[in-house]
Amino acid sequence: MKINNRLKTIGDLVPLYSYPLDIGCDHALLSIYLVKDKNLSKVVASDNKSGPLKKALENVKFYKVENKVKLVEAEGLDSYEEGIDTVTISGMGGLNINKIIDDNRKYLKYIKTFILSPNNYSIAVKRKLTKLGYHISNEVLVKENKIIYEILVFTKGRKYYSYKKLFLGPVLMQRKDDLTKEYYNNLFNTKKDLLEALPKELRNKIKETKKEIKYLEEVIN
Ligand SMILES: C[S@@+](CC[C@H](N)C(=O)[O-])C[C@H]1O[C@@H](n2cnc3c(N)ncnc32)[C@H](O)[C@@H]1O
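Rules used in this analysis
- Residues numbered from 1 in each chain as written.
- Predicted model: local features only at pLDDT ≥ 70, side-chain atom pairs only at ≥ 80, totals over all residues.
- Helix = DSSP H or I, 4+ residues; strand = E, 2+ residues; numbered from the N terminus.
- Near = placed C-beta within 6 Å.
- Nonpolar A, V, L, I, M, F, W, Y, C, P; charged D, E, K, R; others polar.
- Domains from an automatic or database assignment.
- Buried ≥ 20, exposed ≤ 12 C-beta atoms within 10 Å, placed from the backbone.
- Right-handed = clockwise from strand over helix to strand, strands pointing away.
- Pairing = 2+ DSSP bridges.
- Axes fitted to C-alpha atoms, helices over the stretch in contact; angles between N-to-C directions.
- Contact = placed C-beta atoms within 7 Å.
- Arc of directions from axis to C-beta.
- Parallel < 35°, antiparallel > 145°, perpendicular 65-115°, else oblique.
- Left-handed = near helix turned anticlockwise from the far one by under 90°.

Undergrad: Mind showing me how you'd approach unusual backbone geometry here?
TA: Peptide bonds are mostly trans, and most non-glycine residues show a negative phi. Backbone geometry places Ala28, a non-glycine residue, at a positive phi of 65°. Secondary-structure assignment places Ala28 in the loop between β1 (20-23) and α2 (29-36). Positive phi, close to 50°, is recorded for Tyr121, a residue that is not glycine.

Here you go:
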């Protein structure tokens, strides 16, 4: 089926034999990919707006997977159903992702894996999930239309991360490929610009940004 590389990468990170829920499914292409190409037996795809779900229903019918993809209109994790052990959330801001998870902590005991691709504030997402008892088991970058997307896989089980590891990404900082270098270079330039723009009263933010620039210099050089 036709699916972009970003969503395909997320789909390929979903554990085989899992029962996933895709929150903010929009067109539901990720869920359709999971049952059609990855052979998962059932998936829940949810969104909190009816417009995207209408398109999702058209797609589900087009690919003839009505019996495998359940579409649900609900806010965040309210779409949780018994047996779901994996949750994917992509294409949303990091703070929105954190809120979705925070609002329904009661389901966390059943969720073994989160695959999250925040558009921003990824450090806040990493902080939140590690505080909630998950560790970062994988980090993958995908470049599409000149944008580099971060995909974070969190698995149950606590691990301590220093600020440096959390900021650079414990898995990503081991990688030496061109895309990772480009990602760190972009971040380095953003942090340099930020440092120049920060008013001098924001002493703590200046200190933190300088520290981040130093970490980035270490992995770039
Ligand atoms: C930009 S789309 C991303 C679609 C798809 N996940 C992707 O990565 O291509 C974000 C979708 O999330 C939905 N959404 C935003 N906040 C949500 C929430 N709190 N609960 C459920 N869906 C939400 C929006 O309605 C929209 O369809």
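The structure having been displayed, the exposition proceeds.
Undergrad: Would you take a moment to explain the site of the ligand for this structure?
TA: Around the ligand, a shell composed of 16 residues is seen, among which Gly24, Asp26, Asn48, Ser90 and Gly91 lie nearest. Only β4 (86-92) and α4 (94-102) provide two or more residues apiece to the shell around the ligand. With three residues, the top contributor of residues to the shell around the ligand is β4. For the shell around the ligand, a count of residues per class yields six nonpolar, six polar and four charged.

Undergrad: How should the domain arrangement of the protein chain be read in this particular structure?
TA: How big an interface is tends to be stated in terms of accessible area lost as the parts join. Here the domain parsing of the protein chain yields domain 1 (5-160) and domain 2 (175-221). Placing a centre on the C-alpha atoms of domain 1 and another on those of domain 2 gives a separation of 29 Å.

Undergrad: Honestly, the pairing of β4 in this entry has me stumped. Any pointers?
TA: Along any regular strand, the residues point their side chains to alternate faces of the sheet. Among the seven residues of β4, five are classified as buried, and the element is accordingly described as predominantly covered. With α4 bridging β4 and its parallel neighbour strand β5 (residues 113-118), the resulting β-α-β unit is right-handed.

Undergrad: I'm lost on the sheet that holds β4 in this one. Help?
TA: Strand pairs in the sheet, formed through backbone hydrogen bonds, run parallel or antiparallel to each other. Strand order across the open sheet formed by seven strands is β3-β2-β1-β4-β5-β7-β6, with mixed pairing between neighbours. In this open sheet, the two edge strands, each paired with only one partner strand, are β3 (69-73) and β6 (134-144). Each adjacent strand pair in this sheet contributes to an overall mean axis angle of 15°, direction not counted. α2 contacts β1, β2 (43-47), β3 and β4 of the sheet and is inclined by roughly 175° relative to β2.

Undergrad: Please clarify how α4 should be interpreted in this entry.
TA: For an α-helix the count is 3.6 residues per turn, leaving residues at separations of three or four pointing the same way. Among the residues of α4, Gly94, Ile97, Ile100 and Ile101 are the ones counted as buried. Summarising the axial view, the buried residues of α4 lie within an arc of 120°, below the 170-degree limit, and thus occupy one face. For α4, the elements touching its buried residues are β1, β4, β5 and α5 (122-131).

Undergrad: Could you clarify how one ought to interpret the packing of helix α7 (residues 178-197) against helix α8 (residues 203-220) in this entry?
TA: When two helices pack together, their arrangement is captured by the angle between the axes and the distance separating the axes. Orientation of α7 relative to α8, taken along the N-to-C sense of each, is 155°, at an axis distance of 9 Å. Between α7 and α8, the crossing angle belongs to the class labelled roughly antiparallel. The hand of the α7/α8 crossing is left-handed. Here Tyr184, Asn185, Leu187, Phe188, Lys191, Lys192, Leu194 and Leu195 of α7 come into contact with α8, specifically with Ile206, Thr209, Lys210, Glu212, Ile213, Leu216, Val219 and Ile220. For the contact of α7 with α8, the class distribution of residues is 10 nonpolar, two polar and four charged.

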